There are 2 protein chains.
Amino acid sequence: MKLHGYFRSSAAYRVRIALNLKGLTAEHLPHHLRKGEQIAPDYLALNPQGLVPTLEGNDGSVLTQSLAIIEWLDETHPNPPLLPGDPLRRAKVRAFALAIACDIHPVQNLKVLARLRQLGLPEEKVTDWAAWANREGLAACETLIKGEKGPFCFGDAQTIADLCLVPQLANARRFGVDVSGFPRLLEAEAAAKQMKAFADAAPDRQPDAE
Amino acid sequence: MKLHGYFRSSAAYRVRIALNLKGLTAEHLPHHLRKGEQIAPDYLALNPQGLVPTLEGNDGSVLTQSLAIIEWLDETHPNPPLLPGDPLRRAKVRAFALAIACDIHPVQNLKVLARLRQLGLPEEKVTDWAAWANREGLAACETLIKGEKGPFCFGDAQTIADLCLVPQLANARRFGVDVSGFPRLLEAEAAAKQMKAFADAAPDRQPDAE
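The structure presented is a predicted model; accordingly, all values stated were derived computationally and were not measured.

### Details of the UniProt feature "domain: GST N-terminal" (unreviewed entry) in chain A
Link 1 in the chain: Per the UniProt record, the feature "domain: GST N-terminal" (unreviewed entry) sits at residues 1–81 of chain A.
Link 2 in the chain: Each end of residues 1–81 of chain A is marked by a C-alpha atom, and these two atoms are 20 Å apart; helix forms 36% of the span and strand 17%.

Right under this line is the structure:
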């Protein structure tokens, strides 16, 4: 398999964690997002959205969208599972993951921040925007799991929720957000980061890290 | 069941279609988003994100995030299915749905547009922003399914992809986007709109429609 990504992309980071948890190896093909390599014609032919990640399977299949890729990995390589078995619990885990993947990450991604700059917003306001999306979103995430037993987001094993949380917390800190008011999120992050699968997927461990 | 929604929310619209397809009835509880009813304390206790939809099950369970709700409906009420059986096809359908649910809708939702106004952007630029998010996103969606047989997004039956597409096309038109360059999307929309489940879920058919 080939994983098209970028060391700092939190969506690619989620998929790197999933591959590691499943014990799968992939050739990592970095695309430098700040240099616009994700909108090169060859890459757009694979991923019309011009986003990372894209996973190319050994059979030539091309998968896009991190959560779709992760659900596919979970369906085709069930161990260890990344979703609970009970439908209601699955819905809770997916809702947490989507609260990050839909309502935080895309609002603070490179494309949106570039658009804000085009509108004439000074850099300070652009960073404020990204910090706002992370702060508001993570506060809601903390509430979503405050009644859940730890140490992970949902109990004693990692799920898709943790795969989304760890990269998003990294983004939040990068934008200067004080995350100390989110004890459940930090507990889950700490549990995850003790695992080699998460540690090896970190941005600063990737070959294209700057 | 009770569905907390808003006639014009495209995320609530997706869930209305799913309930109709599954032959399920729910009491519809509208929250007027432009009046801020979604951030009333009683509602935030159900949905900490302050977003619609929220689905309350008959057993008191509370589900948030439209795609998590729809996957739960599909797992607990399998007929008609909203995802194909093959994992690779499921991944393709989910990627299309997520391209809308992550990368178009949240970038043009009420909360983000309100934030742009707070930054001093004139109304014309706010509408430009929403139109941009729809135009770019839908162009990528058209490419994602241009090689797929119709009439629906993925073949001869509706999937989660169509549940996301129909509400998003309604948004795009509301923001003045010319969608005539997206023939596959329009073909899928036309097929879906012939179905009573889609027609009955339309914003103008809801009790809180203005």
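Moving on from the coordinates now.
### Things to note about unusual backbone geometry
All names here are of chain A.
Link 1 in the chain: Of note, the bond from V52 into P53 is cis; its omega dihedral lies within 30 degrees of zero at 5 degrees.
Link 2 in the chain: Relative to the helices and strands, P53 resides in the loop between α2 (41–46) and β3 (54–56).
Link 3 in the chain: Of note, the amide linkage connecting N79 to P80 takes the cis form, showing an omega dihedral of -10 degrees.
Link 4 in the chain: As for its placement among the helices and strands, P80 is situated in the loop between α3 (66–76) and α4 (87–101).
Link 5 in the chain: The phi torsion at Q65 lies on the positive side, around 70 degrees, for a residue other than glycine.
Link 6 in the chain: Inspection of the secondary structure puts Q65 in the loop between β4 (62–64) and α3.

### As for the packing of helix α4 (residues 87–101) of chain B against helix α6 (residues 123–145) of chain B
Residue and element names in this part refer to chain B.
Link 1 in the chain: At a minimum axis separation of 10 Å, α4 and α6 run at an interaxial angle of 175 degrees. Considered as vectors, α4 and α6 are oriented roughly antiparallel to each other. Where α4 abuts α6, its residues F96, A99 and I100 lie against C141, L144 and I145.
Link 2 in the chain: Tallied by class, residues from the contact of α4 with α6 come to six nonpolar, no polar and no charged.

### Side note on the relation of the copies chain A and chain B
Link 1 in the chain: If you rotate chain A by 180 degrees and push it 0.0 Å along the axis, it lands on chain B with an RMSD of 0.0 Å. With respect to symmetry, the two chain copies, as superposed, fit the operation of a two-fold axis. Proximity to the rotation axis, assessed at the C-alpha, singles out A:C102 in chain A; its C-alpha lies 2.0 Å from the axis.
Link 2 in the chain: Interface overlap between copies is the fraction of interface residues in one copy that are interface residues in the other; for chain A against chain B it reaches 100%, indicating a shared surface.

### A few points about the environment of A:E136
Link 1 in the chain: Inspection of the secondary structure assignment puts A:E136 in helix α6 (residues 123–145).
Link 2 in the chain: Residue A:E136 is classed as partly exposed on the basis of its relative accessible area of 42%.

### Describing the pairing of strand β1 (residues 2–5) of chain B
All names here are of chain B.
Link 1 in the chain: Looking at chain direction, β1 and strand β2 (residues 27–30) are connected through four bridges and run parallel. By the bridge assignment for β2, H4 is matched with L29.
Link 2 in the chain: In the classification by handedness, the crossover that spans β1, the intervening helix α1 (residues 10–21) and the parallel β2 is right-handed.
Link 3 in the chain: Sheet topology places β1 next to strand β3 (residues 54–56); three bridges connect them, and they run antiparallel. Bridge pairing links H4 to T54 in β3.

### Some points on the sheet that holds strand β1 (residues 2–5) of chain A
Residue and element names in this part refer to chain A.
Link 1 in the chain: Taking strand neighbours across the sheet as the criterion, the four strands line up as β2-β1-β3-β4 in an open arrangement whose pairing is mixed. The open sheet terminates on both sides in strands that have one partner only, identified here as β2 (27–30) and β4. For this sheet, the mean angle separating the axes of adjacent strands, direction not counted, is 20 degrees.
Link 2 in the chain: Taken strand by strand, α3 contacts β3 and β4, and its axis lies near 125 degrees from that of β4.

### Re helix α7 (residues 160–174) of chain A
Residue and element names in this part refer to chain A.
Link 1 in the chain: End to end, α7 covers 22 Å across 15 residues, agreeing with the expected 21 Å (1.5 Å per residue, within 8%).
Link 2 in the chain: Within α7, 12 of the 15 residues are buried, which leaves the element mostly enclosed by the surrounding structure.
Link 3 in the chain: For α7, the secondary structure elements touched by its buried residues are α1 (10–21), α3, α4, α6, α8 (183–193) and α9 (196–200).
Link 4 in the chain: Looking at the residues trailing α7, positive phi occurs at G176, about 80 degrees.

### Brief notes about empty space enclosed by the protein
Link 1 in the chain: Enumeration over the complete set of coordinates arrives at three cavities of 30 Å³ or more.
Link 2 in the chain: Considered as a void within the structure, the largest cavity measures approximately 150 Å³ in volume.
Link 3 in the chain: Surrounding the largest cavity, A:L67, A:E71, A:R94, A:A97, A:L98, A:I160, B:L67, B:E71, B:R94, B:L98 and B:I160 form its lining.
Link 4 in the chain: For the lining of the largest cavity, the elements supplying multiple residues, two or more each, are α3 and α4 of chain A together with α3 (66–76) and α4 of chain B.
Link 5 in the chain: If you tally residues by element for the lining of the largest cavity, the top one is α4(A), at three residues.

### Side note on the pattern of salt bridges
Link 1 in the chain: Under the criterion given, the structure shown has 26 salt bridges over all chains.
Link 2 in the chain: Linking A:E75 and B:R90 is a salt bridge whose minimum nitrogen-to-oxygen distance equals 3.0 Å. With A:E75 in helix α3 and B:R90 in helix α4, the pair connects residues from two separate chains.
Link 3 in the chain: Note on B:R90: relative accessible area 19%, which makes it buried.
Link 4 in the chain: A salt bridge links B:E75 to A:R94, with the shortest nitrogen-to-oxygen separation between them at 3.1 Å. Placement of the pair is B:E75 in helix α3 and A:R94 in helix α4, with the two residues belonging to separate chains.
Link 5 in the chain: A single salt-bridge network, built from bridges that share partners, covers A:E71, A:E75, A:R90, A:R94, B:E71, B:E75, B:R90 and B:R94.

Reading the values: the criteria
- Residues numbered from 1 in each chain as written.
- Chains lettered and ligands numbered in written order.
- Predicted model: local features only at pLDDT ≥ 70, side-chain atom pairs only at ≥ 80, totals over all residues.
- Heavy atoms only, no water.
- UniProt positions renumbered as here; feature names shortened; annotations may be inferred.
- Helix = DSSP H or I, 4+ residues; strand = E, 2+ residues; numbered from the N terminus.
- Axes fitted to C-alpha atoms, helices over the stretch in contact; angles between N-to-C directions.
- Parallel < 35°, antiparallel > 145°, perpendicular 65-115°, else oblique.
- Contact = heavy atoms within 4.5 Å.
- Nonpolar A, V, L, I, M, F, W, Y, C, P; charged D, E, K, R; others polar.
- Least-squares fit on C-alpha atoms with pLDDT ≥ 70 in both.
- Buried < 20%, exposed > 50% of the residue type's maximum accessible area, 1.4 Å probe, protein only.
- Pairing = 2+ DSSP bridges.
- Right-handed = clockwise from strand over helix to strand, strands pointing away.
- Expected span 1.5 Å × (residues − 1).
- 1 Å grid on protein atoms, 1.4 Å probe; cavity = no way out; pocket = protein on both sides within 12 Å on 5 of 7 lines; lining within 4 Å.
- Points joined across faces, edges and corners; volume = space filled by probe spheres on them.
- Salt bridge = Lys/Arg side-chain N within 4 Å of Asp/Glu carboxyl O.

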